[in-house]
Amino acid sequence: MTPNRPTVPGREGDRPSAAAAPPPPTTTSEECVNVSAPPLAAGAGNPSADCIADSAGGLTFDLDAPGRAADAHWSAALVLRLRGREEDEEEVRLPLTPNGDGRLRAVLPSTVALPEGRWDVHLACGEGTPRRLLPGLADLRSLVDRRPGPSTSPLAVRIPYATKHGNLSLRSWQRAPHAEAGDVLVEPGGITVRGTLYRVEDPGAWLADAVVEARRRRAELTVTVPLTAAGGQDFTFTLPFAGLCAPWRGGPEVWDLWLRGPEGTPVRLARILDDVADKKHVFVYPARDVAAPYAPAQAGPYYTVDNDLSVRIGERPAAAGR
């Protein structure tokens, strides 16, 4: 499991530091929290499931068998339900079978398609109403610094986590191609990003013809900067804040970062190849002052609730004492 990261003062060239205060609520009904053990208060009567992740993107769930009469017909399944699809509910059912150690096991292979989103984990026994599972022990060591092998098939990423209500859920991504963000250096005039491209046949050729696009979310506008191939799958680029702040006219503004490859292929820049399900409140970057034409501004990178990399622009806070 990922330990809490220490907070350090922001300074030029900083890498991210962990936020010192508990994360504020997000628009997700059950956002994840970083815990080393499952909460005891919420859903205390529900069973828990241990999770083991493999480097290919698969997950194995182990849980104690629910009590049942020896002579009764009984069946059980692990049910994954995509959150936010009440009207057209999407679910995946995984059979639970004895694992030889007195427990039940369900396996989610990396080859089973799991659309992007947050999946709530339930236990279904026979005809009974499925119950939410609690998080047990999680072995996510294989996800740390994960480097997928060469392939053009969609990259499957599934990270189990504990929601704020103490339930077990999965965050799933399925991307091809995928541009993984690495080091993000925040400098006075902009950001320098290093990354790695996956799931294309010839990464070097793809990157040779690629550029970086910052797309303004509120209104259609794009700022393009060159990308430098750093050998094989790796790349780097520098995005100045001045170009993003030039059209800014006050208020909060967000620019999403994309790679645009040969034949116009768009690839969202994100960081998903580790064991942190929600990076927005874990990887926190400093904002820099920018002398924007409209008014004094601040700009800095951040990870969205989907772990995509973006740049946020806002008004510069008034100096203390003024």
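All values derive from a computational prediction rather than experimental measurement. Per chain, residue numbering runs from 1 following the sequence as it is written. Where local features are concerned, this predicted model is filtered to residues with pLDDT of at least 70; where side-chain atom pairs are given and counted, the filter is 80 or more; whole-chain, interface and lining totals use all residues. With hydrogens and water set aside, each side-chain value is computed from the structure's full complement of heavy atoms.

### So, the environment of L133
Rule in force here: Strands are runs of DSSP state E lasting at least 2 residues, helices are runs of H or I lasting at least 4, and numbering of each runs from the N terminus. The rule is simple: take the accessible area with a 1.4 Å probe, protein chains only, and divide by the maximum for that residue type; under 20% is buried, over 50% is exposed, in between is partly exposed. Whether two residues are in contact is decided by their heavy atoms: any pair within 4.5 Å suffices.
Position of L133 among the secondary structure elements: in the loop between β9 (131–132) and β10 (134–139). Given the relative accessible area of 0%, L133 is considered buried. Sequence spacing of L133 and L123 is 10 residues, and the spatial spacing of their C-alpha atoms is 6.4 Å. Not counting residues up to four positions away in its chain, the partners in contact with L133 are P47, S48, A49, L63, L78, V121, H122, L123, N167 and L168.

### Things to note about the packing of aromatic side chains
Threshold: Within 6.5 Å between ring centres, the rings of Phe, Tyr and Trp (the latter by its six-membered ring) count as paired, and their orientation is classed by plane angle as stacked under 30 degrees, edge-to-face over 60, tilted in between. Lysine and arginine charges are scored as sitting over a ring when NZ or CZ, respectively, is within 6 Å of the ring centre and within 35 degrees of the ring normal.
Following the criterion strictly, the structure yields 3 aromatic pairs and no others. Measuring from centroid to centroid gives 5.8 Å for W248 and Y294, while their planes differ by 90 degrees, and the two rings are edge-to-face. Of the two residues, W248 sits in the loop between α2 (241–245) and β19 (253–260) while Y294 sits in the loop between β21 (288–291) and β22 (296–303), which places them 46 residues apart along the sequence. Between F283 and Y303 the ring centres are 6.2 Å apart and the planes differ by 75 degrees, which places this aromatic pair in the edge-to-face class. With F283 in the loop between β20 (266–270) and β21 and Y303 in strand β22, this pair connects stretches of sequence that are 20 residues apart. As far as the burial class goes, F283 and Y303 line up, both buried. Taken together, the ring pairs in this structure connect F283, Y285 and Y303 into an aromatic cluster. Its guanidinium or amino end placed over the ring of W173, R171 lies 4.3 Å from that ring's centre, counting from NZ or CZ. The ring of W258 is capped by R215, whose NZ or CZ atom sits 4.4 Å from the centre of that ring.

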